[in-house]
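Letter by letter, the chains look like this.
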Amino acid sequence: MIHPAHTPPSAGPVAGFLTRLARDRSGNTLAMITAGLIPLLAMVGGGIDMGRSYLSQTRLQQACDAGVLAARKKMGSAVVVTGVVPADVQTIGDRFFNINFRDGSYGTANRSFQMTLEQDYAISGVADVDVPTTIMNLFGYTEVPIHVECEAKLNFSNTDIMFVLDTTGSMGWTN
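So, here's what we can say about the structure.

What counts, and at which threshold
Residues numbered from 1 in each chain as written. Predicted model: local features only at pLDDT ≥ 70, side-chain atom pairs only at ≥ 80, totals over all residues. Heavy atoms only, no water. Helix = DSSP H or I, 4+ residues; strand = E, 2+ residues; numbered from the N terminus. Buried < 20%, exposed > 50% of the residue type's maximum accessible area, 1.4 Å probe, protein only. Contact = heavy atoms within 4.5 Å. Pairing = 2+ DSSP bridges. Axes fitted to C-alpha atoms, helices over the stretch in contact; angles between N-to-C directions. Salt bridge = Lys/Arg side-chain N within 4 Å of Asp/Glu carboxyl O. Polar contact = N/O pair within 3.5 Å; in protein donor to acceptor, adjacent residues only side chain to side chain. Disulfide = S-S within 2.5 Å. Expected span 1.5 Å × (residues − 1). Bend = angle between axes of the 7 residues up to and from the residue.

What follows covers the overall build of the chain. Each helix and strand counted, the chain has four helices and three strands in total. Counting only residues that meet the buried cut, the chain has 23% of its 175 residues in that class. Taking the intrachain contacts of the chain between residues at least 6 apart in sequence as the baseline, contacts between residues at least 24 apart amount to 59%.

The following block contains the structure:
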């Protein structure tokens, strides 16, 4: 124990309390656990909320791709020659998007999907959704905005198909 005559002068009652607290080793485990609990909660909460965000982003990307692919397939190849876009292309694209990512999936909000017909008759799309957070809400992050883009093109490959007919009778010969 330190003799009171050898104690250095303190700056006040707060400094004396902090000095005693720094020297006292009894009960400091509880203080260390309490101090480490907040960063641990932030890491676990960030992992859970980001996992839900990545899941929502993946499913939203798949729904966007399905929507534009279905719309492009419905549009067909005649549009290149005639220039006439079938009336229900938008309806088909929206239907496929809605089936693959329903409103409120994974607790999301503010879902939107838009398709655009490009100059080269490709169909591009953008989809947005907000994923609300659960644990990260305690740290001021209330939602994670998700944005994806997709496109479907109709490609005509330059492939020649040939049919060869062997009329020599050599296929009937036995070696």
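Right, picking up where we left off after that structure.
Time to look at the sheet that holds strand 2 (residues 123-132). Read across the sheet, three strands follow the order 1-2-3 without closing on themselves; strand pairing throughout is antiparallel. Single-partner strands in this sheet number two, and they are strand 1 (109-117) and strand 3 (143-152). Within the sheet, the average angular offset between the axes of one strand and its neighbour, ignoring direction, is 10°. Pairing geometry for strand 1 and strand 2, over seven bridges, is antiparallel. Among the inter-strand pairings, Ser112 is bridged to a residue of strand 2, identified as Asp128. Here helix 2 (residues 28-75) sits on the sheet and contacts strand 1, strand 2 and strand 3; the angle it forms with strand 3, its principal contact strand, is near 25°. On the sheet, helix 4 (residues 89-100) packs against strand 1 and strand 2 and is oriented at approximately 145° with respect to strand 1.

Under the defined criterion, the tally for this structure stands at two salt bridges. The salt bridge partner of Lys74 is Asp88, with a shortest N-O separation of 3.6 Å. Highlighted residues: Lys74 in helix 2 and Asp88 in the loop between helix 3 (78-82) and helix 4, separated in sequence by 14 residues. Since its relative accessible area comes to 39%, Lys74 is described here as partly exposed.

Turning next to the side chain of Asp49. Positionally, Asp49 belongs in helix 2. In this structure the side chain of Asp49 is engaged in a polar contact, spanning 3.3 Å, whose partner is the backbone nitrogen of Ile135. In this structure the side chain of Asp49 is engaged in a polar contact, spanning 2.8 Å, whose partner is the backbone nitrogen of Met136. Those residues in contact with Asp49 that lie beyond four places of it in its chain are Thr133, Thr134, Ile135 and Met136.

In this section: the state of the cysteines. Enumeration over the complete set of coordinates arrives at one disulfide. Two residues, Cys64 and Cys150, share a disulfide whose sulfurs are 1.9 Å apart. Handedness here is read from the sign of the S-S torsion; for Cys64 and Cys150, about -65°, the answer is left-handed. Taken as a pair, Cys64 in helix 2 and Cys150 in strand 3 lie far apart in primary sequence, 86 residues in all. Neither Cys64 nor Cys150 differs from the other in exposure class; each is buried.

What follows deals with helix 2. In this model, helix 2 (48 residues) spans 70 Å end to end at C-alpha, consistent with the 70 Å of a helix rising 1.5 Å per residue. Residue Leu37 marks the point of greatest curvature in helix 2, where the axis turns by about 30°; the proline Pro39 follows within four residues. Two residues or fewer after helix 2 comes Gly76, characterised by a positive phi angle close to 75°.

Turning to its location among the elements, Tyr54 is positioned in helix 2. According to the relative accessible area criterion, Tyr54 is exposed, its value standing at 52%. Distance from Tyr54 to Val131, taken between C-alpha atoms, is 9.7 Å for residues 77 residues apart in sequence.

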